[in-house]
Amino acid sequence: MKKHSLTNIIEYVKIDEFYVVCHFRCKIKNKTVISKVPFEPYEGKIEFTWQDILFHPIESYNRYYHTPIKIFDSFEDENTLVQKAFDKVSKYFKWDSQLKNYVYRL
């Protein structure tokens, strides 16, 4: 599916320590589709050397536990959690080029 802006159909996003729950709403047909994806704090790899841990323990701790999490990006980065949630339910939507919005298809 071609990537288009999701900002018009995001109604609600709930985040807890285990899941991200996204409500995608088609305003034209007044339908809401809910998608739930596991909360993945960081997909990248954070590497430390023994010198980092030994000589800079506080910085190492902060780098490991305070790495920013990308929930949503206005540029539609495909690695965001909202995009992954939409990918799970994208079969329920189609892109309408006249309206420039996703429309509920079923």
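In case you missed it, the structure is sitting above this.
Calculation notes
- Residues numbered from 1 in each chain as written.
- Predicted model: local features only at pLDDT ≥ 70, side-chain atom pairs only at ≥ 80, totals over all residues.
- Heavy atoms only, no water.
- Phe/Tyr/Trp six-rings, centres within 6.5 Å; stacked < 30°, edge-to-face > 60°.
- Buried < 20%, exposed > 50% of the residue type's maximum accessible area, 1.4 Å probe, protein only.
- Helix = DSSP H or I, 4+ residues; strand = E, 2+ residues; numbered from the N terminus.
- Lys NZ or Arg CZ within 6 Å of the ring centre and 35° of its normal.

*Asks:* Any chance you could break down the packing of aromatic side chains for me, citing the residues and the numbers?
*Replies:* Under the criterion given, the structure shown has five aromatic pairs. When the ring of Phe 86 is compared with that of Phe 93, the centres are 5.7 Å apart and the planes differ by 40 degrees; the resulting orientation is tilted. With a relative accessible area of 0%, Phe 93 lands in the buried category. Taking the centre distance of 6.3 Å and the plane angle of 85 degrees together, the rings of Phe 93 and Tyr 104 count as edge-to-face. Here Phe 93 is found in strand 4 (residues 93–96), whereas its partner Tyr 104 is found in strand 5 (residues 101–104), with eleven residues between them in sequence. Residues Phe 93 and Tyr 104 agree in their burial class; the two are buried. Feature note: the residues Phe 24, Phe 86, Phe 93, Trp 95, Tyr 102 and Tyr 104 constitute an aromatic cluster, connected by ring pairs. Looking at Lys 36, its charged tip hangs above the ring of Tyr 19, at a distance of 4.1 Å from the centre.

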